[in-house]
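Descriptive structure summary
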Amino acid sequence: MSLNRTQAMNVAQVLTEALPYIQRFTGKTIVIKFGGNAMVDEELQNSFARDIVLMKLVGMNPIVVHGGGPQIGDLLKQLNIESEFVGGMRVTDSKTMDVVEMVLGGTVNKQIVSLINHNGGHAIGITGKDGQLIRAKKLSAKRQTPDMQAPEIIDIGHVGEVASINTSVIDMLINSDFIPVIAPIGVGDDGASYNINADLVAGKIAEVLQAEKLMLLTNVAGLQDKNGEVLTGLTTQQVDGLIADGTIYGGMLPKIGCALDAVKSGVNSAHIIDGRVAHAVLLEIFTDAGVGTLITNKAQQAAQ
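The shown structure was predicted, so the numbers you read here are calculated from the model rather than taken from an experiment. (Residues numbered from 1 in each chain as written. Predicted model: local features only at pLDDT ≥ 70, side-chain atom pairs only at ≥ 80, totals over all residues. Heavy atoms only, no water.)

**Focus: the packing of aromatic side chains**
One pass over the full model with this rule turns up 1 aromatic pair. Taking the centre distance of 3.9 Å and the plane angle of 5° together, the rings of phenylalanine 34 and phenylalanine 48 count as stacked. On the criterion of sequence distance, the pair formed by phenylalanine 34 in strand β1 (residues 29–34) and phenylalanine 48 in helix α3 (residues 42–57) is long-range, its members being 14 residues apart. On the basis of relative accessible area, phenylalanine 48 is assigned to the buried category, the value being 4%. (Phe/Tyr/Trp six-rings, centres within 6.5 Å; stacked < 30°, edge-to-face > 60°. Helix = DSSP H or I, 4+ residues; strand = E, 2+ residues; numbered from the N terminus. Buried < 20%, exposed > 50% of the residue type's maximum accessible area, 1.4 Å probe, protein only.)

**What to know about the side chain of glutamate 207**
Mapped onto the secondary structure, glutamate 207 falls in helix α7 (residues 198–209). For glutamate 207, a relative accessible area of 15% puts it in the buried group. Non-local contacts of glutamate 207, meaning those with residues more than four positions away in its chain, are made with Asp261, Ala262, Ser265 and Val267. (Contact = heavy atoms within 4.5 Å.)

**So, the sheet that holds β1**
Taking strand neighbours across the sheet as the criterion, the 8 strands line up as β5-β8-β2-β1-β11-β13-β14-β12 in an open arrangement whose pairing is mixed. Unpaired on one side and paired on the other, β5 (123–127) and β12 (234–235) mark the two borders of the sheet. With 6 bridges connecting them, β1 and strand β2 (residues 61–66) associate as parallel partners. If you follow isoleucine 32 over to β2, its bridge partner there is valine 64. (Pairing = 2+ DSSP bridges.)

**Points about the packing of α3 against helix α5 (residues 94–118)**
At a minimum axis distance of 8 Å, the contact between α3 and α5 shows a crossing angle of 65°. Every pair of crossing elements has a handedness; the one defined by α3 and α5 is right-handed. Contacts from Gln45, Asn46, Ala49, Ile52 and Val53 of α3 reach α5 at Gln111, Leu115 and Ile116. Residue composition of the contact of α3 with α5, by class: 5 nonpolar, 3 polar and no charged. (Axes fitted to C-alpha atoms, helices over the stretch in contact; angles between N-to-C directions. Left-handed = near helix turned anticlockwise from the far one by under 90°. Nonpolar A, V, L, I, M, F, W, Y, C, P; charged D, E, K, R; others polar.)

**A look at the layout of surface pockets**
Estimates place the volume of the largest pocket at around 1400 Å³. Lining the largest pocket we find 43 residues, and of these Lys33, Gly88, Asn197, Ala198 and Asp199 sit closest to its centre. Only α2 (37–40), α4 (69–78), β4 (89–90), β7 (152–165), α7, β11 (213–218) and α9 (252–264) provide two or more residues apiece to the lining of the largest pocket. (1 Å grid on protein atoms, 1.4 Å probe; cavity = no way out; pocket = protein on both sides within 12 Å on 5 of 7 lines; lining within 4 Å. Points joined across faces, edges and corners; volume = space filled by probe spheres on them.)

**Quick look at the confidence of the model for the protein chain**
Summarising the model, the protein chain shows a mean pLDDT of 88, and 93% of its residues fall at 70 or more. Predicted confidence in the protein chain is weakest over helix α11 (residues 298–303), with a mean pLDDT of 47, and strongest over strand β8 (residues 179–183), with 98. With pLDDT under 50 throughout, residues 300–304 is counted as low confidence; its partners more than four residues away or in other chains account for 7 contacts. (pLDDT = per-residue confidence, 0-100.)

Right, dumping it as structure tokens:
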């Protein structure tokens, strides 16, 4: 189908706007956490896969880390295994961990790999257990007791946090021109499997690789102020202030904390982006306006 003159000019304008970003980020590593609506909507799945393929084709090194909470919940329900949550974290006994590994390391991971490959990419799916990519340590939850004394420590099973990342596994894939797709399952010193929050895994991988960008897809437009306006171009100091004054609270705190930690640890910028928008990843990287919240540090922001 041929383009009319106006359409052709729009295409040229888009490409012209994208060019400096392509030049700037060629050869750079970008870690993307894939989750939320973008994972369950077929159109958004395909737009995400095409974004990743295009990034690789223009010389970037995308690394995908994915979640799968809703899919895990659905299968547990089908198997009549009840889910219990403490502090927003799923209590994960041995049976539940088997389901987590089945869903994250199998179904979801291979679906994302297949989507990227179907759209012309070369993706390989791995879990944090492969090549001991993610060494994990057990995480315990804390619950405040009614008498407001010391918080109660609760064993939530096979839930972990990142102890270390083996970058050689990722380097091998990137140097072989593959796109890594990583399920957030780690392995402990005892050989046990641990389910780790995908945002935390993406943040730690971005940190150890000193990535150019950490991008966290969410189901909201980005970080919003008290009037519902999306905030962007924030320094780490400004984000600390927004946490202190209560603008950032509740469920957004862990995600923002992950982005903040990454930037403070040397990642050039972190982005909280709206995964409900088609091609959100490309729009955030390749356009002036973007589609989410950009967090960087003061020195970097002044240099941009």
